[in-house]
Amino acid sequence: MKKFMTGNDSAALAAKLARVKVISAYPITPQTTIVEKLSEFVANGELDAEYIKVESEHSALSACVGAAATGVRTFTATSSQGLMLMSEILFVASGLRLPIVMTNVNRSLSAPLSIWCDQQDSVAVRDSGWIQLYCENNQEILDSTIQAFRIAEETLLPVMVCFDGYILSHTAEPVDVPEQSEVDGFLPQYNYPYALDPEHPGSIGAVGVPDYYEEFRFMLQEEMLKAKEKILEVGKIFAEKFGRKYGLLERYRTEDAEIILLTMGSLAGSLKDMVDEYRQHGERVGLVKLRSFRPFPVRELKDAVGNAKAVAVLEKDVSPGLSGALFSDLSTALINSKKSPLLMNFICGLAGRDVSPLQIREAVKSTLEAVEAGEVKNPVRWLGLRETLMGLR
Amino acid sequence: MSSHTSTKKLLPGAVIMDPGSTEQNETGSWRSMRPVTDYEKCTSCMSCWLYCPDSAISCEKPPKVDYRYCKGCGICANVCPVKAITMVPEGQK
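Below is a summary of the structure that appears in this document. (Residues numbered from 1 in each chain as written. Chains lettered and ligands numbered in written order. Predicted model: local features only at pLDDT ≥ 70, side-chain atom pairs only at ≥ 80, totals over all residues.)

1. Observations concerning the overall build of chain A
From N to C terminus, chain A includes 13 helices and 15 strands. In terms of overall dimensions, chain A is globule-like: its C-alpha atoms have a radius of gyration of 21 Å, near the 21 Å expected for 393 residues. Of all 393 residues assigned to chain A, the portion counted as buried reaches 48%. Across chain A, every contact between residues at least 6 apart in sequence was considered, and the portion connecting residues at least 24 apart equals 79%. (Helix = DSSP H or I, 4+ residues; strand = E, 2+ residues; numbered from the N terminus. Rg over C-alpha atoms; globule rule 2.2 N^0.38 Å. Buried ≥ 20, exposed ≤ 12 C-beta atoms within 10 Å, placed from the backbone. Contact = placed C-beta atoms within 7 Å.)

This is the structure we're talking about:
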């Protein structure tokens, strides 16, 4: 059934359809309406779950860690500063291999204080051992959140489902909502193999002395790499059941593309329209939308962009002192390749600044110029910057 | 460092499913100084047993150090009223 829903409502409804047993909640803009909605579901008896109100995000994720260790399906949601406050526990959750699912509604980080969207928050914790999936629209939020539980539980890795604040979180669009019985069929009851149980005492969170620690990090890395197959497999089963296809990335008109745009999240929607515009004028521009930032789909990205003349990475984050994180990760993916396209990086849309068609055309134009010149001068550029600052670099 | 349980399968998340297995973890391997008791001087006053923070000294007369768990902190040598315990660097007799 189609419903007109915001991104936040889609995330909350997905958690309800997944029959989560424990929700730990602390409000933060622009995530708040997710846990608000879930509190309504619990209060009016639509969802049989323990709803834990805590005093901080650090505690919110800590409560999820404890709950997940008892073997129940757990969920929380956060944004920005909240994710930063959770950062210590992010590493605990992945290190303990607890399949927690969390929504991160992407919002920029202080300072300057901002409540608007960019992806700096989740990008900053890309090394925390969480699977990170990015969504383009509200349908993807619902579908990816449902899939996230199955991916998490079958890999014993926590999953962060990320989507753009306000652009999706507070914007409504039609979403196809599956029946509860269909979701039940897709998400069987969860059995965590090492659940804390007084009848069978065990221990979690033991000290990792130098003789052991490295093996556990290796196991986490191995499972993360294997998770690529799991994300594909779960996407395939989901498609068979619900008719919508999901993978590690989406290729849009890339077959014969000379220039490929690469991005994550809602910006992909705008870029698809721009690709169509270029195609109408006979210009071979395509788009790759990355869905899985961690694990990073090296082989699939190589396949997708390997034959292009240039790739322009548009991203809403920056690793100050280097480049955008997606750009540096793409560079890593292409290292040691016999043939690599020219790579350009465009930092844009920080803290909710609109990424306009004008800016996108500027990015494509610079990339075309690089292709003509056969080299890239100054690969990391900013779009839409005040002219008064342009002279600084 | 010796590996006491390295033949065991490592479970995801460093989960330990056999309770009480810490006993097998012989933490005495951390020690750099070893307490050695001169039983000619020892009066079995049991101060060392009482003060040992790791319960690595047996409750018997005279008390004996369990070197599998003693981490060599030296508290026993410090509290001994008759100076019967000396700390000797590991590797020396």
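There's plenty left to go through after this.
2. Notes on the overall build of chain B
Helices and strands together make up the secondary structure of chain B, namely two helices and two strands. Order of helices (α) and strands (β) in chain B, N terminus to C terminus: β-α-α-β. For chain B, the C-alpha radius of gyration of 16 Å lies well beyond 12 Å, the compact-globule estimate for 93 residues. A burial count over chain B gives 18% of its 93 residues as buried.

3. Structural notes on the nonpolar core
All names here are of chain A. If you look at the biggest cluster of nonpolar residues, it comprises 114 residues, and the most contacted ones within it are V159, V161, I260, V311, A312 and V313. Looking at this core, the element that brings in the most residues is helix α3 (residues 57-69), giving eight residues. Mapping this core onto the domain boundaries places at least three of its residues in each of domain 1 (2-242) and domain 2 (250-390). Among residues more than four places away in sequence, those in contact with I260 are T254, G286, L287, V288, V305, A308 and V311. (Core = buried A, V, L, I, M, F, W, Y, C linked by C-beta atoms within 7 Å. Domains from an automatic or database assignment.)

4. So, the packing of helix α10 (residues 298-305) of chain A against helix α11 (residues 325-334) of chain A
Residues and elements named next belong to chain A. Put simply, α10 and α11 touch, their axes get as near as 9 Å, and they point 85° apart. The angle between α10 and α11 places the two elements in the roughly perpendicular class. Mapping the contact onto sequence places V298, L301 and K302 in α10 and L330, A333 and L334 in α11. Its residues placed into classes, the contact of α10 with α11 shows five nonpolar, no polar and one charged. (Axes fitted to C-alpha atoms, helices over the stretch in contact; angles between N-to-C directions. Parallel < 35°, antiparallel > 145°, perpendicular 65-115°, else oblique. Nonpolar A, V, L, I, M, F, W, Y, C, P; charged D, E, K, R; others polar.)

5. Here's the deal with the sheet that holds strand β2 (residues 22-25) of chain A
All names here are of chain A. On the basis of which strands lie adjacent, the open sheet formed by seven strands has the order β3-β2-β4-β5-β7-β6-β12 and mixed pairing. Both outer strands of the open sheet, β3 (50-53) and β12 (292-294), are each paired with one neighbouring strand and no more. Looking at each pair of strands side by side, their axes are set apart by 20° on average, direction ignored. Judged from the four bridges that link them, strand β4 (residues 74-78) and strand β5 (residues 101-106) form a sheet pairing that is parallel. Within β5, the residue paired with A77 across the bridge is T103. (Pairing = 2+ DSSP bridges.)

6. Notes on the packing of helix α1 (residues 7-17) of chain A against helix α2 (residues 32-43) of chain A
Residues and elements named next belong to chain A. Where α1 contacts α2, the two axes come as close as 8 Å, and the packing angle between them is 40°. By the angle between their directions, the pair α1 and α2 is classed as oblique. Read as a crossing pair, α1 and α2 show a hand that is right-handed. In this structure, α1 uses N8, D9, A11, A12, A15 and K16 to contact α2, whose residues at the interface are T33, I34, K37, L38 and F41. Partitioned by chemical class, the residues of the contact of α1 with α2 number six nonpolar, two polar and three charged. (Left-handed = near helix turned anticlockwise from the far one by under 90°.)

7. Considerations on unusual backbone geometry
Residues and elements named next belong to chain A. Cis geometry marks the peptide bond from S110 to A111; its omega dihedral reads -5°. For A111, the location among the structural elements is in the loop between β5 and α5 (120-124). A positive phi angle, close to 45°, is found at S80, a residue other than glycine. Relative to the elements of secondary structure, S80 occurs in helix α4 (residues 80-95).

8. Examining the interface of chain B and chain A
Across the boundary between the two partners, chain B contributes eleven residues, which contact 16 residues of chain A. Tallied by class, residues from the side of chain B that touches chain A come to nine nonpolar, two polar and no charged.

9. Some details on the pairing of strand β7 (residues 159-164) of chain A
All names here are of chain A. When you tally the buried positions in β7, you get six out of six residues, the bulk of the element. Burial of the side chains of β7 extends over both faces: V159, V161 and F163 are buried on one face and M160, C162 and D164 on the other. As paired strands, β5 and β7 are joined by six bridges and run parallel to one another. Within β7, the position partnered with N106 by the bridge is D164. For the crossover from strand β6 (residues 131-134) across helix α6 (residues 138-155) to β7, the handedness is right-handed. (Right-handed = clockwise from strand over helix to strand, strands pointing away.)

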